[in-house]
Amino acid sequence: MRDPTPKTVYLKDYTPPPFIVEAIDLDIDLRDDHARVRSRLAIRRNPNMRPSTGPLVLDGDELALESVKLNGRPLAQDEYRLDAQRLIIPQTPDALALETVVRIHPHQNTQLMGLYASKDGFFTQCEPEGFRRITFFIDRPDVMARYTTTIHADKARYPYLLSNGNLIAQGDEGSGRHWARWEDPFPKPSYLFAMVAAKLDRLEDTFITRSGKRARLQIYVEPGKLDQAGFAMQALKKAMKWDEDVFGLELDLDQYMIVAVGDFNMGAMENKGLNIFNTKYVLARPDIATDLDFQHIDRVVAHEYFHNWTGNRVTCRDWFQLSLKEGLTVFREQEFGADMYSRPVQRICEVRHLRATQFPEDAGPMAHPVRPQSYMEISNFYTATVYEKGAEVVRMIHTLIGKENFRKGMDLYFRRHDGQAVTCDDFVQAMQDASGVDLTQFKRWYDQAGTPVLDVSDHYDPTTQRYTLTVKQSCPPTPGQPEKLPFHIPLALGLLDRDGQDIPLWLEGDDAAHPPAGDGAPGSTTRVLSVTQPEQTFTFLRVPAKPVPSLLRGFSAPVHVRYPYSDQALAHLMAHDSDPFNRWEAGQRMATDLILKGIAELKAGRDLVVPESFVGAMARLLKGDEGYGPRDPAFAAEALSLPDENFIAEQMEVVDPDAIHAVRTRLARILAEHLRDEFSHAYRAHAVPGPYSPDAASAGKRALRNRCLAYLAETQDPQALRLAFVQFETADNMTDAMAALSILTHFDCPEREQALEAFYARWKDEPLVVDKWLRVQATSRLPDTLEKVKRLTEHPAFSIKNPNKVYSLIGAFSTGNHVRFHAADGAGYQFLADQVIILDKLNPQVAARLARAFDRWRKFDGGRQAHARAALERIRDTAGLSKDVAEIVTKALG
Ligand code: PHE
Ligand code: ZN
């Protein structure tokens, strides 16, 4: 496990595997304090690598080798070599059968990688390099084998024995034990292997595919929780139908299983036919899950299901290509979300998330391209860049070539590469060949890190009615990449006239006969400009008066846009833009400008001034157009949300967390005082009658209502806090209860303590709800929050061995509580360092994720930097540090 000299792995060093494994026959015998794993591999030299004479090298991690046989003959000690990470057999024939027997210890596997024990049984996690912790294997994604898996275990304690593919045989075997054998018809990389032996309850359903095949669907959950599995089953069926309708992709198996487990490092895993999920993305019931939880379940279930084609049928050649499956699958998941919920609101949330996670990553010490060029520990590269920016890159292709060509490109991709392990280039090539659009320059998005900046200026000439936009692109340096070549950026835009109407867009040089594939036709009101040069101008013709530009509609590229908008222009866009995303964006820009100005004022000892235009815009959002109430409450809820403190921090040269917090809170309070009646009216007007349903319309109303409640509480009027408490007590669903509790947590009032106590007493036996209870306390703005968080690490509700608990308490404090984590005295940093050091001994992957909260330390003042540096150095100098954490802290300090 501990690797004293972490090596850097480079994409440029990739070579195909010298050996291929055609088939693997696994036999896993689960015992009380260990497991015995026998594996028979059918191996041959890779014909594409001839002539080759090298040794056979198998990966292995924490495996106790009991025996090794080659073609049935036990190997003597001097016929193989064993080190901490490998089994090496120098002399082998071109084709061979290799049998190994190893002993492993699932109960001691606190990393949760490989085979591990959890409350209800045994589970596996193999992506990216966990399979080597189960048996010796060529553990890389371009080695695809056919799997047969036999599991033996105690029958009463582990009634379900599951693995990938189809159950082909099972039986009892004495002493109360039983066994089951599974066969996966599809060759797959080792990272998609899974097995489960557990006592669980099962929910079953069927789905008839569009070609008429009947598929059995099963969801396995902790005993007694079947009533929390229904929503995930519906989500699965919706996802299956959607993939057939939109991409023509059908399930290729007779049986599809989802297993929920409470101890899991990540969200979920797409193992072939046997997805393993964090309980967080399966279990839901109105009284324990929020609207957002329901939505996440929809999306994660869909995401893992979509991987069956984008990831499993066509997989990655090597881990540098991770975004091939993740970027594409996140994009598919986003499109599914847009079709199931409100498209604009989904987009707003995705962009908010991208800016909160990926933009800072791209500007920090861990910045890397969507296809990284090197890594020390691949587990550290399951990042917002690979996932979310990767999805943006796929979305840009979609935008540039158009929806129909995109579908053709997908079809071609599967026709060419089904059953293969391929690269991001192969994907782009299919898109290019299917569309005829040259994507050569576009491919730079895969290889250059950093968030590009578009500086836009304009000029209007009333005599010629020509409107010219000048677009300059640049990209800041990132580690190892001081200079960037220009990107190919799809810039979607519109122009608004004085009445807020879209102007038809006629571009100089338009070729009506051959409009570019993804662009709106000449004369349409949204056009997609291809920005490819460092500086470029675009001239619009027949523009009757100086327009207000609506730039980067729908957030058509993951870039920063700088344009000198006046408050008036922003208010115009907020009120009239036909692109809802940009209507939201205009409000966010206004609020950000206001807060940044307010910070400067604060430093000069002056109070924040909130212009009437801003208050008026917020009031209009609440009132809507016709009568009382916004047309889309979900949209209004987003538009009424002020930018996060993290986001504002990213806009500053030197971050001042106290000032950000003070001014942002002040702005909320001023708004609340000006619009008290409007907020309380909207709060009452958007009550959702009838029994709870997580549908988008009801969720939207609740979101708006709870946003109003949050503003009302900002007045610190005891009445308002009382109102929150009453909502907390009377809510019949977790969304409203949790919203009230999250409001109360910020105020030092008796209701706060009463509510927290009551909540824990009621829910202490529901782990996912306890996670919420930890999170809400960790994100409180009250000054003693760190002390509370420290005390909570000792509370029976917390366990450092459970990733969900760690993320809810320590993760939430360090990434979701800007002002308290970045306390000037460095106490937040010291606390995080302590926790990272403790956790690294148990679960390096999760420890490394926590350590990422230090990423932006150089953006703070000298005092904070000194504290952060000391914390990082203390972690770095800890004896026996994992390579996971070592990579993060050395890069942060480097
Ligand atoms: N591949 C999983 C997913 O996106 C994520 C994951 C990675 C899970 C590594 C576990 C370990 O969809
Ligand atoms: Zn994924």
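In this numbering scheme, every chain counts its residues from 1 along its sequence in written order. Each chain gets a letter, beginning with A, and each ligand a number, beginning with 1, in the order they are written. Per-residue local features of the predicted model are confined to residues with pLDDT of at least 70, and side-chain atom pairs are confined, for both listing and counting, to 80 or more; whole-chain, interface and lining totals are unaffected and use all residues.

The protein goes by Aminopeptidase N in an unreviewed UniProt entry, where it is assigned to Pelomicrobium methylotrophicum. Per UniProt, the comment on the protein under Catalytic activity (unreviewed entry) is "Release of an N-terminal amino acid, Xaa-|-Yaa- from a peptide, amide or arylamide. Xaa is preferably Ala, but may be most amino acids including Pro (slow action). When a terminal hydrophobic residue is followed by a prolyl residue, the two may be released as an intact Xaa-Pro dipeptide." Looking at the Sequence similarities (unreviewed entry) heading of the UniProt record, one finds this comment for the protein: "Belongs to the peptidase M1 family." UniProt positions are given in the numbering used here, feature names are shortened, and annotations may be inferred rather than shown by experiment.

This part is about the overall build of the protein. Numbering of helices and strands runs from the N terminus, with a helix taken as a DSSP run of H or I at least four residues long and a strand as a DSSP run of E at least two residues long. Along its length, the protein carries 27 helices and 32 strands. Relative to its length of 894 residues, the protein is compact, with a C-alpha radius of gyration of 28 Å against a globular reference of 29 Å. Counting only C-alpha atoms and orienting by the principal axes, one finds that the protein spans roughly 90 × 70 × 60 Å. Backbone-placed C-beta atoms define the burial measure: a residue is buried with 20 or more other C-beta atoms within 10 Å of its own, exposed with 12 or fewer, and partly exposed in between. Within the protein, the fraction of its 894 residues that count as buried is 51%. Contacts spanning at least 24 positions in sequence make up 70% of the contacts within the protein whose residues lie at least 6 apart. Every radius of gyration here is taken over C-alpha atoms, with the globule rule written as 2.2 Å times N^0.38, N being the number of residues. Any two residues are considered in contact once their C-beta atoms, placed from the backbone, lie within 7 Å.

So, about the packing of helix 9 (residues 567-576) against helix 10 (residues 580-603). Packed helices, taken two at a time, are described by the angle between their axes plus the distance between the axes. Contact geometry of helix 9 with helix 10 gives a least axis separation of 8 Å together with a crossing angle of 150°. Of the two possible hands of crossing, helix 9 and helix 10 adopt the one that is left-handed. Between helix 9, through D567, L570, L573 and M574, and helix 10, the contact on the second element is made entirely by N582, R583, A586, G587, R589 and M590. In this classification, the charged set is Asp, Glu, Lys and Arg, the nonpolar set is Ala, Val, Leu, Ile, Met, Phe, Trp, Tyr, Cys and Pro, and all remaining amino acids, among them Gly, are polar. Tallied by class, residues from the contact of helix 9 with helix 10 come to 5 nonpolar, 2 polar and 3 charged. Inter-axis angles, ranging from 0 to 180 degrees, are taken between N-to-C directions of lines fitted to C-alpha atoms, where helices are fitted over the stretch in contact. With the far helix as reference, a near helix turned anticlockwise by less than a right angle produces a left-handed crossing, and one turned clockwise produces a right-handed crossing.

What follows deals with the UniProt feature "domain: Peptidase M1 alanyl aminopeptidase Ig-like fold" (unreviewed entry) in the protein. When the UniProt feature table is mapped to this numbering, "domain: Peptidase M1 alanyl aminopeptidase Ig-like fold" (unreviewed entry) covers residues 450-563. Spanning residues 450-563, this segment combines 0% helix with 41% strand, and its end C-alpha atoms are found 20 Å apart.

Let us now look at the site of ligand 1. Being near a molecule or strand means, for a residue, that its C-beta atom, positioned from the backbone, comes within 6 Å of it. All residues adjacent to ligand 1 are Q125, E127, N265, M266, A268, M269, E270, H303, E304, E326 and Y382. Of all the elements in the fold, those that place two or more residues in the shell around ligand 1 are strand 20 (268-269) and helix 2 (291-306). Split into classes, the residues belonging to the shell around ligand 1 amount to 4 nonpolar, 3 polar and 4 charged.

This next bit is on the nonpolar core. Joining buried Ala, Val, Leu, Ile, Met, Phe, Trp, Tyr and Cys residues through C-beta atoms within 7 Å gives a set, and that set is a nonpolar core. Counting 253 residues, the largest nonpolar core has V259, V282, L491 and A851 as the members making the most contacts within it. Setting aside residues up to four positions removed in sequence, L491 forms contacts with L454, V471, V528, L529, V531, L552, S556 and A557.

It is worth spelling out helix 17 (residues 718-730) at this point. Here the expected span of a helix is defined as 1.5 Å times the quantity of residues minus one. With 13 residues, helix 17 ought to run about 18 Å at 1.5 Å a step, and its terminal C-alpha atoms sit 18 Å apart, in line with that. Taken residue by residue, helix 17 has A720, L721, A724, F725, Q727 and F728 as its buried positions. All buried residues of helix 17 fall inside an arc of 160° around its axis, so they share one side. What points out from helix 17, more than 90 degrees from its buried face, is the exposed set P718, Q719, V726 and T730. Taken from the helix axis, the directions to the C-beta atoms give the arc we talk about.

It is worth spelling out the pairing of strand 10 (residues 114-118) at this point. At least two bridges found by DSSP between two strands are what make those strands a pair. Of the pairings in the sheet, the one linking strand 10 to strand 11 (residues 121-125) comprises 5 bridges and is antiparallel in character. In the sheet register, G114 faces strand 11, and the bridge partner there is Q125.

Judged by pairing direction, the sheet is antiparallel, and its 4 strands sit side by side in the order 10-11-16-13 without closing on themselves. Each edge of the open sheet is held by one strand with a lone partner, namely strand 10 and strand 13 (160-163). Strand after strand, the sheet turns through a mean of 20° between neighbouring axes, direction not considered. Relative to strand 16 (residues 195-198), strand 13 runs antiparallel, the two being bridged by 4 bridges. Note that in strand 16 the partner of Y160 across the bridge is A198.

This paragraph deals with helix 27 (residues 883-893). With 8 of 11 residues buried, helix 27 lies mostly within the body of the structure. Regarding helix 27, the residues found buried are K883, D884, V885, A886, E887, I888, V889 and A892. Here the buried face of helix 27 lies against helix 24 (827-840), helix 25 (844-851) and helix 26 (862-876).

For the rest of this paragraph, the subject is the sheet that holds strand 28 (residues 506-507). The strand order across the open sheet formed by 5 strands is 28-30-26-25-32, and the pairing between neighbours is mixed. The sheet terminates laterally at strand 28 and strand 32 (560-562), the two strands that pair on one side only. When strand 26 (residues 466-474) meets strand 30 (residues 535-541), the two strands line up antiparallel, connected through 6 bridges. Residue Y467 lies in a different strand from strand 30, and its bridge partner there is F540.

Let us now look at the pairing of strand 15 (residues 177-189). Alignment of strand 12 (residues 144-154) against strand 15, held across 10 bridges, turns out to be antiparallel. Within the sheet, the bridge partner assigned to I151 lies in strand 15 and is A180. Both strand 14 (residues 166-172) and strand 15 contribute to a ladder of 6 bridges, which runs antiparallel. Bridged to Q170 within strand 15 is A180. Counting the residues that bridge the hairpin from strand 14 to strand 15 gives 4 residues, and of these G174 lies at a positive phi of roughly 80°.

Time to look at unusual backbone geometry. In this chain, E127 is followed by P128 through a cis amide linkage whose omega measures -5°. Take P128: it is sitting in the loop between strand 11 and strand 12. Of note, the phi angle at Q465 is positive, near 55°, even though the residue is not glycine. Tracing the chain through its elements places Q465 in the loop between strand 25 (453-461) and strand 26. Residue classification places Q465 among the partly exposed positions, given that 13 C-beta atoms sit within 10 Å. Positive phi, close to 55°, is recorded for F555, a residue that is not glycine. Assignment of secondary structure puts F555 in the loop between strand 31 (548-551) and strand 32.

All right, on to the packing of helix 3 (residues 322-340) against helix 5 (residues 384-401) then. As a packed pair, helix 3 and helix 5 sit with axes 7 Å apart at the nearest point and diverge in direction by 70°. Classified by the angle their axes make, helix 3 and helix 5 are roughly perpendicular. Between helix 3 and helix 5, the residues in contact are L322, S323, E326, G327, L328, V330, F331 and Q334 and V386, Y387, E388, G390, A391, V393, V394 and R395, respectively. Tallied by class, the residues present in the contact of helix 3 with helix 5 amount to 9 nonpolar, 4 polar and 3 charged. Orientation categories follow fixed angle ranges, with anything under 35 degrees roughly parallel, anything over 145 roughly antiparallel, 65 to 115 roughly perpendicular, and all other angles oblique.

What follows is about the environment of T785. Looking at where T785 falls in the secondary structure, it is placed in helix 21 (residues 785-792). C-alpha of T785 to C-alpha of N817: the two residues are 32 residues apart in sequence and 9.3 Å apart in space. In this view, T785 contacts S780, N817 and R820; residues no more than four positions away in its chain are not counted.

This next bit is on the environment of T730. Among the secondary structure elements, T730 is positioned in helix 17. Remark: the alpha-carbon pair of T730 and L30, spanning 700 residues in sequence, is separated by 48 Å.

Relative to the helices and strands, E650 is located in helix 13 (residues 645-650). For the pair formed by E650 and R856, sequence separation is 206 residues and the distance between their alpha carbons is 9.0 Å. Ignoring anything within four residues of it in the chain, the contact list for E650 reads F359 and P360.

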